[in-house]
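Chain by chain, the residues run as shown.
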Amino acid sequence: MPASQIVTTKDGRFGYEASGTPEQQSVVFLHGIGGAARAWRGQLDYFGERCHAVAWDMPGYGRSARLDMVSITTLAAALQDFLIQIGAKQPILVGHSIGGMIVQEWLTMHPQAASAVVLAQTSPAFGKADGDWQKSFIEARLGPLDRGATMASLASGLVEELVGDDPDPHGLEIATSCMAGVPEASYRSSMLALLGFDRRQALRDIKVPTLVLSGSKDRNAPAPMMEKMASFIPASNYVEIQGAGHLVNLERPGEFNTALDAFLRAHATTTAAEAQ
């Protein structure tokens, strides 16, 4: 299988990487706050033989233009624009962390537009913007930047805090490189976009097949919370990767791909041509 291609949409707004052809079922991967499209290359290579596997650079990341205002709502609107640009009909969306929040928000606006979704190491809510835990979380991540640190200097430590037991060394290297390459302004705006996000009441309205995937050692999106989250989604399947932290696709690529592969085989049955 050839390596994924680095592409830009015709309107110039979005950079992304892709493998496979647009005539196949589109599977679209959305990275987290410290990620990038290239964090999904292991999945693009693995699934590109039978799917149009696509990973976007979130607005403000990689080759994608920044948004004037960054919120989960504006990011979900940008996702819709991106899907239109790449011609993705009834895609399967795979959202990690903030990517999973964007998917949840997008579903409230386009409840029947996906074939299925994967919510990986994410949450249905970040809680009150002025809550003590939320303030502490934001301070822990933005405070060092306020005091003169850089994304490059913080990357290794940030990634070490995110992973679980025995992460794949190559995946750890990719995660650290992605984190170091995130523009500081984008990291800040993405962190602040979490404040006030709450789609817990919308979980019952998710009508498409949903895989909820967690890591048992994830401290940002704890497995018990994600299992509870899955219990509110009518057509959900919950999978927990033992020993993994917040970056399962990079820490345990084999186990992540196996879980996603089983889900795709059950739900990736429509080609883009048929969806039209």
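In what follows, the accompanying structure is described. Predicted model, so just to flag it, every value in this text is computed and none were measured.

1. Points about the overall build of the chain
Phase 1: Looking only at helices and strands, the chain features eleven helices and eight strands.
Phase 2: Taken against the 2.2 N^0.38 rule, which gives 19 Å for 276 residues, the C-alpha radius of gyration of the chain at 17 Å falls within 12% of a compact globule.
Phase 3: In terms of principal-axis extent, the alpha carbons of the chain reach across some 55 × 40 × 35 Å.
Phase 4: Looking at the chain residue by residue over its 276 residues, the buried ones come to 54%.
Phase 5: Within the chain, contacts between residues separated by at least 24 positions form 76% of all contacts whose residues are at least 6 apart in sequence.
Phase 6: Each charge class in the chain was averaged separately, 22 positive and 29 negative side chains, and the resulting centres sit 5 Å apart.

2. Side note on helix α2 (residues 72-86)
Phase 1: Taking 1.5 Å of rise per residue, the 15 residues of α2 would be expected to cover 21 Å, and the 21 Å separating its terminal C-alpha atoms lies within 8% of that figure.
Phase 2: In this fold, the buried residues of α2 make contact with β2 (15-19), β3 (26-30), β4 (52-56), β5 (92-96), α3 (98-109) and α7 (184-193).
Phase 3: Note on α2: the residue one or two positions beyond its end, G87, has a positive phi of about 70°.

3. Concerning the environment of G215
Phase 1: Of note, G215 is situated in strand β7 (residues 210-215).
Phase 2: Exposure remark for G215: the relative accessible area of 0% places this residue in the buried category.

4. Side note on the packing of helix α4 (residues 132-146) against α7
Two measures define how a pair of helices packs: the angle their axes make with one another and the distance between the axes.
Phase 1: Where α4 contacts α7, the axes come no closer than 11 Å and their chain directions differ by 160°. Between α4 and α7, the crossing angle belongs to the class labelled roughly antiparallel. Crossing of α4 over α7 shows left-handed handedness. Within the contact between the two elements, α4 uses F137, I138, R141, L142, L145 and D146 and α7 uses E184, Y187, R188, M191 and L192.
Phase 2: When grouped by side-chain class, the residues that make up the contact of α4 with α7 number seven nonpolar, no polar and four charged.

5. Let's talk about the side chain of H52
Phase 1: Looking at the element boundaries, H52 is found in strand β4.
Phase 2: Not counting residues up to four positions away in its chain, the partners in contact with H52 are A18, S19, G20, T21, P22, Q24, Q25, S26 and V27.

6. Focus: helix α6 (residues 169-181)
Phase 1: With 13 residues, α6 should cover 18 Å at 1.5 Å per step; its first-to-last C-alpha distance of 18 Å lies within 8% of that length.
Phase 2: Of the residues making up α6, those classed as buried are G171, I174, A175, C178 and M179. Down the axis of α6, the buried set is contained in an arc of 130°. They therefore lie on one face. Along α6, exposed side chains directed more than 90 degrees from the buried face belong to P169, H170, E173 and G181.
Phase 3: As for α6, its buried residues are in contact with α5 (151-162), α7 and α9 (248-251).
Phase 4: By the N-cap criterion, in which a side-chain oxygen at the helix start approaches the backbone nitrogen of a residue two or three places on, α6 is capped by D168, the distance to H170 being 3.1 Å.

7. Remarks on the nonpolar core
Phase 1: Among the nonpolar cores identified, the biggest contains 65 residues, and W56, L79, F82 and Y187 are the most heavily contacted of them.
Phase 2: Looking at this core, the element that brings in the most residues is α2, giving eight residues.
Phase 3: When neighbours within four sequence positions are excluded, Y187 is seen to be in contact with I33, Y61, R141, L142, L145, M151, L158, M179 and V182.
Phase 4: Listed in part, the 24 residues of the second largest apolar core include A37, A53, A55 and A120.

8. Here's the deal with the sheet that holds strand β8 (residues 236-241)
Phase 1: With mixed pairing, eight strands are arranged side by side in an open sheet as β1-β2-β4-β3-β5-β6-β7-β8. One side of each edge strand has no neighbouring strand; the edge strands of this open sheet are β1 (5-8) and β8. Direction aside, the axes of adjacent strands within the sheet are offset by 20° on average.
Phase 2: Strand direction decides the pairing type here: β5 and strand β6 (residues 116-120), joined by five bridges, are parallel. Paired with G95 across the two strands is L119, which belongs to β6.
Phase 3: Together, β3, β4, β5 and β6 form the strand contacts of α3, whose direction differs from that of β5 by roughly 135°.

9. Quick word on the environment of G32
Phase 1: As for its placement among the helices and strands, G32 is situated in the loop between β3 and α1 (41-47).
Phase 2: Considering only alpha carbons, one finds G32 and A120, 88 residues apart in sequence, at a separation of 9.9 Å.
Phase 3: Setting aside anything within four residues of it in sequence, one finds G32 in contact with Y61, H96, S97 and I98.

Reading the values: rules and limits
Residues numbered from 1 in each chain as written. Predicted model: local features only at pLDDT ≥ 70, side-chain atom pairs only at ≥ 80, totals over all residues. Heavy atoms only, no water. Helix = DSSP H or I, 4+ residues; strand = E, 2+ residues; numbered from the N terminus. Rg over C-alpha atoms; globule rule 2.2 N^0.38 Å. Buried < 20%, exposed > 50% of the residue type's maximum accessible area, 1.4 Å probe, protein only. Contact = heavy atoms within 4.5 Å. Lys, Arg positive; Asp, Glu negative; His and termini not counted. Charge placed at Lys NZ, Arg CZ, Asp CG, Glu CD. Expected span 1.5 Å × (residues − 1). Axes fitted to C-alpha atoms, helices over the stretch in contact; angles between N-to-C directions. Parallel < 35°, antiparallel > 145°, perpendicular 65-115°, else oblique. Left-handed = near helix turned anticlockwise from the far one by under 90°. Nonpolar A, V, L, I, M, F, W, Y, C, P; charged D, E, K, R; others polar. Arc of directions from axis to C-beta. Polar contact = N/O pair within 3.5 Å; in protein donor to acceptor, adjacent residues only side chain to side chain. Core = buried A, V, L, I, M, F, W, Y, C linked by side-chain atoms within 4.5 Å. Pairing = 2+ DSSP bridges.

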